[in-house]
Structures are given as C-alpha cells and as structure tokens.
Amino acid sequence: MPVARTALVTGAASGIGKATAQALAESGVRVILSDVSEGGREAAEHVGGSFLQADLASMDEAAALSQRALDLCGRVDILVNNAGFQQMAPVEEYDDRAWARFLQVMLVAPFQLIKRLLPGMKEQGWGRIINISSIHGLIASPYKSAYVSAKHGLIGLTKTVALEAGGRGVTVNAICPGYVRTPLVEAQVASQAAAHGIGEDEVIEKIMLDPAAIRRLIEPEEVARLALFLASDDARSVTGSAYSIDAGWTAR
Ligand code: NAD
C-alpha cells in the first residue's frame, strides 16, 4: 500500500490556508496545519489533521518548524507557504521593524522551510511547493510597499527553486490571488469604508474590484482547488509559474 502523502500548510488557522488544508485532507493527504494563532488547533481538528503552533516572524521558530513537521510525520511531500498579513502605510512613514517583519513572514520563512524540506523531496523524487503570493506579486498598489516587496520576492524565489529542483520530480509554483473573501480582506474593507466614509459594499465594488473583469470576491475554496491541482500528479509539468486567480484584475 502506498504511503499517504503529507502536506505542511502555514497560516492554516484561517482563510486560504484553512481551505487548502481542508481540500488536501479531503483528497486523502495527511495535513499538518501550522499557524501563530491557536485557532489552528481547531482548524486541524476540523479537517482531521495535526497542528504545530509557530510564529514565522521568528527566524528561529521558522527554522525549527520543518524539523518538527518531519518528527511528527516522517516526511513532507507538499509544502504550502501561505501565512501572511496586511498593513498599509506611506513608505516614508513605514516603521522599519514592521517592514522587516513582512519580509520575514512572507519571504524569509518560506525560504527557510523550502531550504530544509526540499532535500527530502528531491531524495524521494516527488515534491510540490506552492507559494501563496498575490496579484501584488505582479503589480503594485500605493501604501503596500512591504507586502508588494515580499510578494514579488516570493515569485522570484519560486522561479529560482523551480530551476534548481527541476528533474527531481519537484515542482515549485506561486498562486497570485486577487481579493479573496477572508478575514484579511474583511479587515481592509472595514478600514477603507471608515476612511472613505462609504459603505462596505461600495468599497468592494468601486475601490477594490474596480480593475477586475468579474466584480466579486473570490472564495478561499477556489484558491484551494487551484492549489490542489498544483499538488497533483497531473501538474507534473507545471513549474516556475505564477498562476493568477484574480477575476481579471491584472488583465488590463
Ligand atoms: P487570513 O488572515 O485569513 O489568514 C492568514 C493566516 O496567517 C492567519 O491564520 C494568521 O494567523 C497567519 N499568520 C499571520 N502571521 C503569522 C505569523 N507570524 N506566523 C504564522 N502564521 C501567521 O488571510 P488570507 O487572506 O487567507 O491570507 C493567506 C495568504 O494569502 C497570505 O499570504 C495573503 O497575503 C495571501 N493573499 C490573500 C488575498 C486575499 O484577498 N485574502 C489575496 C492575495 C494573497
């Protein structure tokens, strides 16, 4: 009987990470959910997976997470680097440490996990690395210098590791979602509604989704299904790519 594949999903207490962990679990993959939030424990119980609490803003905790996952399950075949957050400020006003924190959680921690989990994937001749970037990995928006820099960097990391891992059965891809209905976006909608003195529906329709061809928020499960495809055997020729799922946001 073949050994069940194991996935490690970061930022899995909520939103896209939780939906991806659930989709992987439903497809028969053993899942390890990791998050800074203890809410990940409940999410893990919900999907029948395990939980590892880790704060990826700490370089030491990020470095230790891969070994903790290997100690727990013996292998990690699929790595989903998803943990992230958002905070907006003009570049002149951005706090230095807050800016560096973005880079640590959304670029350095993914590198630390890839570095430590790629050797096992190469050795077994199969692996999938999926990095959740963003439309902001492809284009910029004002006041998001830290987020945009981290997400652009994550696509660069994706392409580089794809080249290094090619030929060993390991694929490395990024997913670039537009606005997805998660707590991260709900918080932005609320703050923009307050800032502009307009309703939340108007923020979504007229500000956030103005450039999109399809004016609706994407559901986390839609992103999860794309991740599921990239994690499958069918996607063995897809590597080094940055897949947009953005309702046409970057088409113009
Ligand atoms: P979310 O807030 O629902 O989930 C993010 C998770 O990351 C949370 O559970 C949070 O606790 C965790 N996290 C944050 N900081 C962490 C840290 N230091 N260590 C460990 N975990 C940490 O948000 P989401 O929308 O599901 O976002 C998931 C990913 O998708 C992020 O990388 C985000 O940038 C990206 N993304 C989201 C959207 C969107 O519209 N929601 C669009 C494009 C990209």
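For the structure itself, look to the data block above.
We now turn to the structure provided with this report. This is a predicted model, so every value here is computed, not measured. (Residues numbered from 1 in each chain as written. Predicted model: local features only at pLDDT ≥ 70, side-chain atom pairs only at ≥ 80, totals over all residues. Heavy atoms only, no water.)

### Describing the packing of helix 4 (residues 96-124) against helix 5 (residues 145-165)
Relative placement of two packed helices is described by the angle separating their axes and the distance separating the axes. Two elements in contact, helix 4 and helix 5, have axes separated by 8 Å at closest approach and are oriented at 15 degrees. Taken together, helix 4 and helix 5 sit at an angle that is classed as roughly parallel. Where helix 4 crosses over helix 5, the two elements pack in a sense that is right-handed. For the pair helix 4 and helix 5, the contacting residues are W99, F102, L103, M106, L107, P110, F111, I114, L118 and K122 in the first and S145, A146, Y147, S149, A150, K151, G153, L154, L157, V161, E164 and A165 in the second. Split into classes, the residues belonging to the contact of helix 4 with helix 5 amount to 16 nonpolar, 3 polar and 3 charged. (Axes fitted to C-alpha atoms, helices over the stretch in contact; angles between N-to-C directions. Helix = DSSP H or I, 4+ residues; strand = E, 2+ residues; numbered from the N terminus. Parallel < 35°, antiparallel > 145°, perpendicular 65-115°, else oblique. Left-handed = near helix turned anticlockwise from the far one by under 90°. Contact = heavy atoms within 4.5 Å. Nonpolar A, V, L, I, M, F, W, Y, C, P; charged D, E, K, R; others polar.)

### Regarding the site of the ligand
In the vicinity of the ligand, 29 residues are found, and the nearest of them are S14, D35, Y147, V180 and T182. Take V36: an N or O atom from its main chain is 3.4 Å from a nitrogen atom of the ligand. Within the complex, 92% of the 820 Å² of free accessible area of the ligand lies under protein. Judged by the fraction of its atoms near the pocket grid, the ligand is located in the largest pocket. Secondary-structure elements contributing two or more residues to the shell around the ligand are helix 1 (15-26), helix 5 and helix 6 (183-196). If one sorts the elements of the shell around the ligand by residue count, helix 6 sits on top with 3 residues. (Near = heavy atom within 4 Å. Polar contact = N/O pair within 3.5 Å; in protein donor to acceptor, adjacent residues only side chain to side chain. Areas by Shrake-Rupley, 256 points an atom, 1.4 Å probe, with all protein chains shown as cover. 1 Å grid on protein atoms, 1.4 Å probe; cavity = no way out; pocket = protein on both sides within 12 Å on 5 of 7 lines; lining within 4 Å. Sits in = over half its atoms within 2 Å of the grid points.)

### What about the pattern of salt bridges?
Scanning the model with the defined rule gives 7 salt bridges in all. The partner of R75 in a salt bridge is D77, with the nearest N and O atoms 2.7 Å apart. According to the relative accessible area criterion, R75 is partly exposed, its value standing at 24%. A relative accessible area of 1% means that D77 is categorised as buried. A salt bridge links E202 to K206, with the nearest nitrogen and oxygen atoms 3.6 Å apart. Of this pair, E202 and K206 both sit in helix 7 (residues 200-208), 4 residues apart, which is roughly one turn of that helix. Classification of K206 as exposed rests on a relative accessible area of 54%. (Salt bridge = Lys/Arg side-chain N within 4 Å of Asp/Glu carboxyl O. Buried < 20%, exposed > 50% of the residue type's maximum accessible area, 1.4 Å probe, protein only.)

Keep in mind that these numbers describe shape and distance, not what the molecule does.
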